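An overview of the molecular structure
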Amino acid sequence: MSRLEAKKPPLFITEPLTKDGVSQSLSLLSGILKSCYGPAGRLKQLHNGVGGYVCTTSQSSAILSRLPVSHPVLGVLMASVQNHVSRFSDCGLFTAILCCSLIENFKSLNIASCTVIKISKHLLSFCMDYLKSEACGCRVAVDFSSVETLLCLVRSILRSKPACMLNKTEVDHLTTLIVKAFLFTVPCHAESNAVLGKCVIVPMKGRRVVDSTVLPGLLIETPEIQLANPLTIKRTSSNTIKIALFCVSMSGDSFNPEEGTITVHHGISLEMSELNQLLDVGKQLVNDEVGLVVCQKVIHPSLKQYLKENSVMAVDRAGLSLMEPLSRMTGSKPIASIHLLSPSCYGSLKDVDIESFASKNFVHLIPNDTLVCSLILCNRNETAWDELKRACETAEHVLQLTLKEPLALLGGGCTETHLASYIRHKSCSLSTSSFEDTDCSQAEYQLVAEGFCRSLESVARSLNHDDGEILTDMVYGHCWFVPPGFPPVSNWSDLVSKCGCGINGNSENLKWRLLQGQFGSPVIHDCPKEPLVKIADFLTLDCYAAKCSGLQVALETAHLILDLLYVIKDQN
């Protein structure tokens, strides 16, 4: 018998943030994420040590799910950001970069963590109140009577994903398609309990991006369908097509030996018995004037032939993923047993057609009401297509969130620098009672506020990957990017034309300051002004709900990590 090892005591790590290994790991993670940020972000290739799929991406959803971390502190940060991404799909990198910067800046202050947490909560309340107010200078109202702001939102998302490998024409084409697909899913009649429809992405890899298109209804790939053959489908008296949707196998092999035994009398063929039952189902479908049968699994060839002879179209192998949108689109209830067939389970369609894309044939189910649509998504190769699919899903989710809360925030680093300017102004004009409420001195409050503002500005600085200078103006508090190669004593007005979000042009005599690193940047005492024009073509916009949540998640996670006193690891 092998010797048993003595049980090891748990490992206690005191004040983990003071350890060099944790600080280095946090700095490395921050550097990785910052290098991915924005339209000029650098790509990352992620793969495991035993080979397999290689992911090339700059998106937080792909990076965080594939990036292994060993230290519990980093695990807390990653889990927190992943939870945010699972709820909002967007602003994952913003949340992670801001959280890392907050930890780094707050840790460098010689102030007790409990005091830092109290003050930064107070600063967060300033930010959230400002972002919710009508006077907010970095907020844009979304008018759904026009698609311009929606196009700006989607275009901003697609432009920030360089691994999609899109040029301007392709970005504009896909932007229009995604907004069109989203509008298909919005109910035409307003109801208090209205539910959005669904956009189903149909993969088409190895094709030109501009070949992508949107169709109302659903596409089901059917290789055996021939384009040359005209469709003859039974219709009801109201000229609609009745549809039956089966989520059970109709191949005649429904008996599973693992579920028990079955006794078959002498001379009885189990296969023929199953087939006769299927044909009885077919007769009932014909008598009920069903024109289309869709099965999640396989339909027996004999049943297919019988249905075809009676002008009933049969489509099998539809797959599980299409069951829910099919049911929603047609109003049919998936039939789970061939022995329980009720006419109340049937749905209806406006029409059925055959479509061909890139040598693939599809049955096109056209609904009476276009709450479900199909986005045929094309890209040059599998890697670029995978990244584009994630980007399109993010864009669709952002549009859904915007419909719920019709607001957007200025992108391109302008919201971060504008908020930093606003917090500096507010923190300099606080009354003595505010310091008493947070139980701190004015000096402590100013130090934490400056660390908070530098953390916001570090997110804006992360958008620059080409060593050019980054400015903020002293009027609006927006972010401006200077092309690389110019000395820091240049006349900035000659080098910049538009701010990061594109809302402000360099038409005024603006005063500038450099966005520096951790030290040295003057404080703005004036409250930043609201831009005179709030809508312009090709604005860079961010999702309001996702960014507000990201701001709160980043600060709350930083608080949790700063407040960690012990990490206890089981060594057995």
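As the structure is a prediction and not an experimental result, all values here were calculated from the model.

**What to know about unusual backbone geometry**
- One non-glycine residue with positive phi stands out, namely arginine 317, at about 55°.
- Mapped onto the elements, arginine 317 comes out in the loop between β10 (313-315) and α10 (323-330).
- One non-glycine residue, alanine 358, adopts positive backbone phi at about 50°.
- In this structure, alanine 358 sits in the loop between β12 (351-357) and β13 (360-366).

**Here's the deal with the packing of helix α5 (residues 113-132) against helix α15 (residues 544-562)**
- The interhelical angle for the contact between α5 and α15, taken along N-to-C directions, is 175°, at an axis separation of 10 Å. Put simply, α5 runs roughly antiparallel to α15. Contact residues: Ser113, Ile117, Ser120, Lys121, Leu124, Cys127, Met128, Leu131 and Lys132 in α5; Tyr544, Cys548, Leu551, Gln552, Leu555, His559 and Leu562 in α15.
- Split by residue class, the contact of α5 with α15 holds 10 nonpolar, four polar and two charged.

**Focus on the pattern of salt bridges**
- In the structure shown here, the tally under the stated rule is 19 salt bridges.
- One salt bridge in this structure joins arginine 380 and glutamate 170, with 2.5 Å as the shortest N-O distance. Highlighted residues: arginine 380 in the loop between β14 (372-379) and α11 (382-404) and glutamate 170 in helix α7 (residues 168-184), separated in sequence by 210 residues.
- Salt-bridge contacts for glutamate 416 lead to lysine 547; the nearest nitrogen and oxygen are separated by 2.8 Å. In this pair, glutamate 416 is assigned in helix α12 (residues 414-428) and lysine 547 in helix α15, connecting sequence segments 131 residues apart.
- In this structure, a network of salt bridges that share partners links the residues Arg424, Glu450, Arg454, Glu457 and Arg513.

**Regarding the domain arrangement of the chain**
- Examined at the domain level, the chain breaks down into domain 1 (11-138 + 410-569), domain 2 (143-217 + 376-405) and domain 3 (219-255 + 267-369).
- Here domain 1 and domain 3 have C-alpha centroids that lie 54 Å from each other.

Here is what the cut-offs are and how they apply
- Residues numbered from 1 in each chain as written.
- Predicted model: local features only at pLDDT ≥ 70, side-chain atom pairs only at ≥ 80, totals over all residues.
- Heavy atoms only, no water.
- Helix = DSSP H or I, 4+ residues; strand = E, 2+ residues; numbered from the N terminus.
- Axes fitted to C-alpha atoms, helices over the stretch in contact; angles between N-to-C directions.
- Parallel < 35°, antiparallel > 145°, perpendicular 65-115°, else oblique.
- Contact = heavy atoms within 4.5 Å.
- Nonpolar A, V, L, I, M, F, W, Y, C, P; charged D, E, K, R; others polar.
- Salt bridge = Lys/Arg side-chain N within 4 Å of Asp/Glu carboxyl O.
- Domains from an automatic or database assignment.

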